[in-house]
Structures are given as structure tokens and as C-alpha cells.
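What follows is the residue order along each chain.
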Amino acid sequence: MMMLQDGSTQLLCLTASSGVPLFTRGASKQLPFSIIGSLNGVHMFGGGQGVVLSCSETEGGGKVVWRVFQDSVMLIAVSGGCNGKEDDIHLQRLLENVWNCMVLVLGQDELVNIRNVERLKRDLRSCFRLIDQLLGERQEGFLGNLTHCADSLLPPNPAILQETLDRFAQAADSEFGCLIVHGRIAAATEKWWRLAPQEVVLLSALLRSLSGSVSCDYPVFLPQGSPTVAHRLLRFQLLPGADVCVLCGPTPSLHRAQAQLVSCFWSPLVEALRDCLAVGERCLPRSVSLRPDVLALLLINRETRRSVSCVPTSTYHPLSDPLLSKARCWELLKLFYIFTISRYFTKEETSCVSPEESAERGNTEDFLIGFSHQPQQCYLVTEECKSYGLQTPQHQLFLLVLPSVPTFALRTVATQTLSDIVAATGF
């Protein structure tokens, strides 16, 4: 079977009952219709024999992953590059995120009770911008779609931003408010953090896809909290790169919120917002000093399901080197995260664990059979970098450093980095 040869991923969406194609996204060269029909046909044949076909590898090194949602929509991911279990996790989460994205924009009823296929095809176009973002974010430095933790930015003055956001949300008749800086969450209300982790991640992705306009009033469905009843997502640009949003009901109107609330609450905080914007892609305030040999890091707070990640710019290592380019550092960080959680670190229990994540946990447990303890730290040495994973009851840290760092010093570097960030920010 001819598959993608460039390492890209193509996403196929079909009706589960009849296999009618709804859309195709990703990859510069789309698969022929005959192959799409074959991928659907082999899955249907397995189902008729009482076999659930979830994934398969091809002789050419490709990977195909299937999943049916609500007995209504089938999503198929076809990847040109195969990295074993690592690709399984990435592609399964991609399918789950795409389904939740479709529910977020259209609502579950439209997808489960398909009355007119041609109309559904037209309606699904409104999801394409967000779906394309999900397909391409491995190059953009956002890892929330993979970790299911909210990509966050730690501002230098969090208290005043949090207080203002809480009062702004209350004035807008809402308990769900969020401040987004450079596409990452800088502050959110308590109820926003109580949303399902995937909902928080997808709402952040949606807000990134809506950036550019001064304000917008966008209907959204919460895939787990409210899949059939829409809420209004109001978004307002405070400064270029800084947006505030609320989830609310019929009131207030977009015009009233823009005219009476935004300026009143946020004009006095212009300097605080500029300080927050100055943090930039580093995501950490200047009070946190990172070692110059740190290439990349991902820090997850397991209790709040938040994460901070960055590839710090340093004169110590030339990022112009092809092996250490910024994009490559992000890719290595993502691969090390998948490598670690699929082999060593167990997944934390949440109320929204998917079947794929349950299977992922089972694979991890199979790997650990024979071990007398649960690994809390691990490391990996390659020609490009050295990587260290550290797990505590509250945090997970994934750290990439230069190959010149002595292997025996990796544990000290990781524990000190974790200690410095938590001490300076309280994260």
C-alpha cells in the first residue's frame, strides 16, 4: 500500500456507518480515494468479524490508527514515519483531540445525529483552522495537545493579574475567565481550572486560532462538560499578544463588555501586561535563572494539570547549529516526554482518562513487570543531547542539556532546576 513518504501525518474523517468521506487534512500529498476506501474497508471487515482494528504498521515504515467516536464518525490518522509506541500515543491523542475539537465547534448532536452529510461537510469547514493547528503544533512549541496539560506562562506579577481577572469575570456574569499571553495561560479563574484538562487545552488552541481580531463572540460546546448546549466565548485583545476571555451565557453583549468592562478593569494594568509580555516564549520570569547548558525543559504540575515549557536562548550553545535548532530542540523534548511516560512514569489518575490512555498505562505496567519499584527518575544519552526525567508527587520535569554535561551530574542539574523554578514562582 502506498503511504506518505515525507514523515507527515494525514487525517481522514468518514461517516462510521457508510464510510462517506467528510474531510481530509494534513500532508502536502493526499492519499488517493482508493486507499482511503481500503483503510475504511479493512476496519469494517474487522468489525464484522468481531475484531477492533486500532492500529497497524506498513512495510514502508508507515503507521495507521483508527478510531470510531459515538458510532457515528470514524477518524483515521496516517503517518509516514513510524516510531513504535511513541507514534501510537501521539496519533491516538491526535484523534481524540480532533474529535473533541469537532464537538467544541459544532456540538455533539450535529456529529452523532447526521441528518444531511453534505451540510455536515460544509459545517466541518469551520473546524479546519483549529484542526490544522493540532496537526502542525509539533513545530510551534505548544505541548498541551500531547500532555493534556495547559500550556502556561508564569508572569512576574501574578497576584494583581489574578485579582483583576476574577473581578472582570464576575462583572461579565461569569465564573470562567482566562488571560492568554503569547498563546499560553497567564492567569485563570478557579472554575476555569476545574474544566476538564482537554477542554482547557482545546480552548487555548481555539483562542490562538482566533487571534488577530480586536474582539469576538464565539459559540462553543464543552466536549465533556456541556457537549450539547453551547456557551458564549467572549475574547478581547488587551495588547498585541495579550487577550482576556470569558465563558458566559446570554449576557453581557459583546458591545457592552467591550465598551464598559474591558477598559475599566484592564487599562490600569497596561504596565503589568507589558511585563507579562516581556517574559516571551521563555515562559519563566527573570527571577528564574536557568543553567546556560539547558537546551529545553518541560515542567508539569501534576495536581493542577498545568505545564511550562521553553527552549531558552543562550549564547552558550549556538541555536544556528542544525542539530540544535529551536525546532529540533522542541522535537527532542516531545520525543523524550513520550519515551518517558510510555516506559517509566505512570499516568496520574484523572476523571477523564480515555481508553487509549488506559491502554497506554497498561503498556507502561507491562514494561515495568519485574521491577521492584516505581521509577521516579530516568535519563537518556544520545549524540545530540542528554535528557533527564524527574517525577515527584507534585511535578514531572523533562530536561534536555548539552552532551558536554557529565552524565553523573544530570540528576543534580535536574533537581536543582526544579527547585529553582518552584522556589521562584511557587508553580
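Residues numbered from 1 in each chain as written. Predicted model: local features only at pLDDT ≥ 70, side-chain atom pairs only at ≥ 80, totals over all residues. Heavy atoms only, no water.

Caption draft 1: The arrangement of the environment of Ser325 in detail. When you line up the elements, Ser325 lands in the loop between strand 13 (306-310) and helix 12 (326-341). Placed 30 residues apart in sequence, Ser325 and Leu295 show a C-alpha to C-alpha distance of 9.8 Å. (Helix = DSSP H or I, 4+ residues; strand = E, 2+ residues; numbered from the N terminus.)

Caption draft 2: Highlighting the sheet that holds strand 8 (residues 184-188). Read from one edge of the open sheet, 5 strands run 8-7-11-10-9, paired in antiparallel fashion. On the outer flanks of this sheet lie strand 8 and strand 9 (215-222), each paired with one strand and no other. Neighbour to neighbour, the strand axes of the sheet diverge by 30° on average, direction disregarded. The sheet contact formed by strand 9 and strand 10 (residues 226-239) spans 7 bridges and is antiparallel. Its bridge partner lying in strand 10, Asp217 is registered against Leu234. Packed onto the sheet, helix 9 (residues 197-209) meets strand 7 (176-181), strand 8, strand 9, strand 10 and strand 11 (242-248) and runs at close to 150° relative to strand 9. The strands touched by helix 11 (residues 270-279) are strand 7, strand 8, strand 10 and strand 11; relative to strand 10, the strand with the most contacts, the crossing angle is about 100°. (Pairing = 2+ DSSP bridges. Axes fitted to C-alpha atoms, helices over the stretch in contact; angles between N-to-C directions. Contact = heavy atoms within 4.5 Å.)

Caption draft 3: Up close: the packing of aromatic side chains. Scanning the model with the defined rule gives 9 aromatic pairs in all. Here Phe336 and Phe398 contribute two aromatic rings whose centre-to-centre distance is 6.2 Å and whose plane-to-plane angle is 75°, an arrangement assigned as edge-to-face. Of the two residues, Phe336 is situated in helix 12 and Phe398 in strand 16 (residues 395-401); the sequence distance between them amounts to 62 residues. Summarising the burial analysis for this pair, Phe336 and Phe398 share the class buried. Every member of this aromatic cluster is reached through a ring pair, and the members are Phe168, Phe236, Phe265 and Trp266. The lysine or arginine in question, Arg25, covers the ring of Phe128, its NZ or CZ lying 4.2 Å from the ring centre. Here the basic side chain of Arg208 rests over the ring of Phe142, its NZ or CZ set 3.9 Å away from the ring centre. (Phe/Tyr/Trp six-rings, centres within 6.5 Å; stacked < 30°, edge-to-face > 60°. Buried < 20%, exposed > 50% of the residue type's maximum accessible area, 1.4 Å probe, protein only. Lys NZ or Arg CZ within 6 Å of the ring centre and 35° of its normal.)

Caption draft 4: Fine view of helix 10 (residues 254-266). Residue Gln260 marks the point of greatest curvature in helix 10, where the axis turns by about 25°. Burial in helix 10 covers these residues: Ala257, Leu261, Val262, Phe265 and Trp266. (Bend = angle between axes of the 7 residues up to and from the residue.)

Caption draft 5: Structural detail: the sheet that holds strand 3 (residues 55-57). Here we have 5 strands laid out as an open sheet, ordered 2-1-5-4-3, and antiparallel in their pairing. Since the sheet does not close on itself, it has two edges, and those belong to strand 2 (21-25) and strand 3, each with one partner. For this sheet, the mean angle separating the axes of adjacent strands, direction not counted, is 15°. Of the strand pairs in this sheet, strand 4 (residues 63-69) and strand 5 (residues 73-79) are connected by 7 bridges, and their pairing is antiparallel. By the bridge assignment, Val64 is partnered in strand 5 with Val78.

Caption draft 6: Inspection of unusual backbone geometry at higher detail. For the bond from Thr251 to Pro252, the omega torsion is 0°, close enough to zero to count as cis. Along the polypeptide, Pro252 turns up in the loop between strand 11 and helix 10. The backbone of Cys283 shows a phi angle near 65°, a positive value even though the residue is not glycine. According to the relative accessible area criterion, Cys283 is buried, its value standing at 0%. Despite not being glycine, Arg305 has its phi angle at roughly 60°, a positive value. Within the secondary structure, Arg305 sits in the loop between strand 12 (294-301) and strand 13.

Read these as spatial facts, not as claims about activity.
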